[in-house]
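# Tertiary structure, described
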Amino acid sequence: MNYIGPEAILQKKQEYLIPCVYHFYKKPMQIVRGEMQYLYDHKGKKYLDLYGGVSVMNAGHCNPEIVEKICAQVNTLQHTTTIYLTQPIADLAEKLSEITPGNLKRSFFCASGSEANEGAALISQLFTKKSKFVAIEQGLHGRTKLTMNLTGIPMWRTDPYPSGNVTHIPAAYCYRCAYGLTYPNCDLKCARRLEDVVRDGDFAALIIEPIQGNGGIITPPPEYFQLIREILNKYKVLLITDEVQTGFGRTGKMFAIEHWDVVPDIMCMAKALANGTPLGAFITNDAVASAYTRPGASTTGGNPVSATAALATIDVIENYRLVEKAKELGDYFKNALNDLQQKYRIIGDVRGMGLMLGVELVKEDKIPAFDETDNILEQLKDLGILAGRTGISRNVLTFQPPLVITQNDIDHLCMVLGIILSKVSDG
Ligand code: PMP
């Protein structure tokens, strides 16, 4: 294959793509091949991928067991839409009802996380006959008209005409508490703020990521979701959890909300659901599902290829114990990052669960180390390691690797990161 190379791609991108299509790195590479936790550029350089296409490739790039089943399906039947009966969509819906918590049972399939959240918002309005939403500052829910308005992170809100239906409340961001308080003495004021908002309103639902991904791996304390659930129950407002980044083993549970032992009314998923094949879904209980009876087809949602990819992905996650692996390796990884924090003052905070980890980089007085984060990300890439960067100030180095990584991969990253930090950090 003759590759045109990154410069030529950048030129085409600049000429033919809408400028909002965003990429990482001052000197980007052309990625041409993937193999489990590795990516390769057009010159054959190998990269250890610790970002997984933003929490997508949980079962690894081009996992042969998944690829084989996708290819068999593509060769047999690619598409019909839901007006004809096909088996993979039905098998997948049954499987999701088995692996999601509590009484979540009925799924709707679409093609992306934005659509899943949009659909969840719609069904919550149909069920409650109420119109407004609560969302969280620093949350990200998509780029459609409504999901952009549900999004709290300023960088991802470009809509100049936001709808007035959404109220944002502070995130459980203990490292920089919106109220200047400290956990646990804060009495979870950020969660209690929900009651002030929903008390007198016409609210259909709260939408929330169990752990905020793009917000900077914001991980709420243990009591948080029980309290949120109590307040929502009291005012008959639905709980929608956006598991688009956190789902399918990422955090050391199949779904992250299980860490808090809470069952949402609606759960949204995409990304890792079909290990990179476009597919989104929301799943809900019988009662909420019964509110959506008008025809609501999604042309490619739940098509045989994507549904087969999802079934194969879930098989791999179960057969190779990737949920347990994410927990074990995640604990090891977090400890190693905590060790680095002891050595380098630039690491202000280490947070996350399983293989969804964030390292917040700061200067004196917790000033976000924006340029340093940029620099570290670029150096890691040059040394063959891909990480992410999140947070409202873009100063959180983020790791969401394929769950098939090894302890050696983590040791390698920590060794390389230590060398870089020893040059960037003042001790
Ligand atoms: N929710 C979350 C938590 C996300 O991270 C994203 C994408 N980054 C979305 C929703 C939107 O998903 P998609 O890009 O598939 O529309």
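Data block above holds the structure.
Keep in mind the model is a prediction, meaning the values are calculated, not measured. (Residues numbered from 1 in each chain as written. Predicted model: local features only at pLDDT ≥ 70, side-chain atom pairs only at ≥ 80, totals over all residues. Heavy atoms only, no water.)

### Topic: the site of the ligand
Taken together, 14 residues lie around the ligand, and Gly113, Ser114, Asp242, Gln245 and Lys271 are the ones closest in. The separation between an oxygen atom of the ligand and a polar main-chain atom of Gly113 is 2.8 Å. One of the side-chain N or O atoms of Gln245 is found 2.8 Å from an oxygen atom in the ligand. In terms of residue count, helix α5 (residues 113–128) provides more of the shell around the ligand than any other element does, 3 residues in total. When the residues that make up the shell around the ligand are grouped by side-chain class, the tally is 2 nonpolar, 8 polar and 4 charged. (Near = heavy atom within 4 Å. Polar contact = N/O pair within 3.5 Å; in protein donor to acceptor, adjacent residues only side chain to side chain. Helix = DSSP H or I, 4+ residues; strand = E, 2+ residues; numbered from the N terminus. Nonpolar A, V, L, I, M, F, W, Y, C, P; charged D, E, K, R; others polar.)

### Remarks on the packing of helix α4 (residues 87–99) against helix α10 (residues 304–319)
How two helices pack is summed up by the angle between their axes together with the distance between the axes. It is at 8 Å that the axes of α4 and α10 come closest, and there the two elements cross at 35°. Seen from above, α4 lies across α10 with left-handed handedness. Counted together, Pro88, Ile89, Asp91, Leu92, Lys95, Leu96 and Ile99 of α4 and Pro304, Ala307, Thr308, Ala310, Leu311, Ile314 and Glu318 of α10 form the full contact between these two elements. Classifying every residue of the contact of α4 with α10 by side-chain character gives 10 nonpolar, 1 polar and 3 charged. (Axes fitted to C-alpha atoms, helices over the stretch in contact; angles between N-to-C directions. Left-handed = near helix turned anticlockwise from the far one by under 90°. Contact = heavy atoms within 4.5 Å.)

### Regarding the sheet that holds strand β12 (residues 356–361)
Pairing is antiparallel across the open sheet formed by 4 strands, whose spatial order is β11-β12-β15-β14. A strand with exactly one partner marks an edge of an open sheet, and here the two such strands are β11 (347–353) and β14 (388–390). Across the sheet, the mean angle separating the axes of adjacent strands is 25° when strand polarity is ignored. Looking at chain direction, β14 and strand β15 (residues 396–399) are connected through 3 bridges and run antiparallel. Along β15, the bridge assignment pairs Thr390 with Val396. Helix α11 (residues 322–343) contacts β11, β12 and β15 of the sheet and is inclined by roughly 175° relative to β11. (Pairing = 2+ DSSP bridges.)

### Some remarks on the sheet that holds strand β3 (residues 46–49)
Within the open sheet, the 4 strands sit side by side as β1-β2-β3-β13. Their pairing is mixed. Looking at strand neighbours, the two that pair on one side only are β1 (31–35) and β13 (385–386), the edges of this open sheet. Sheet topology places β1 next to strand β2 (residues 38–41); 4 bridges connect them, and they run antiparallel. Note that in β2 the partner of Gly34 across the bridge is Leu39.

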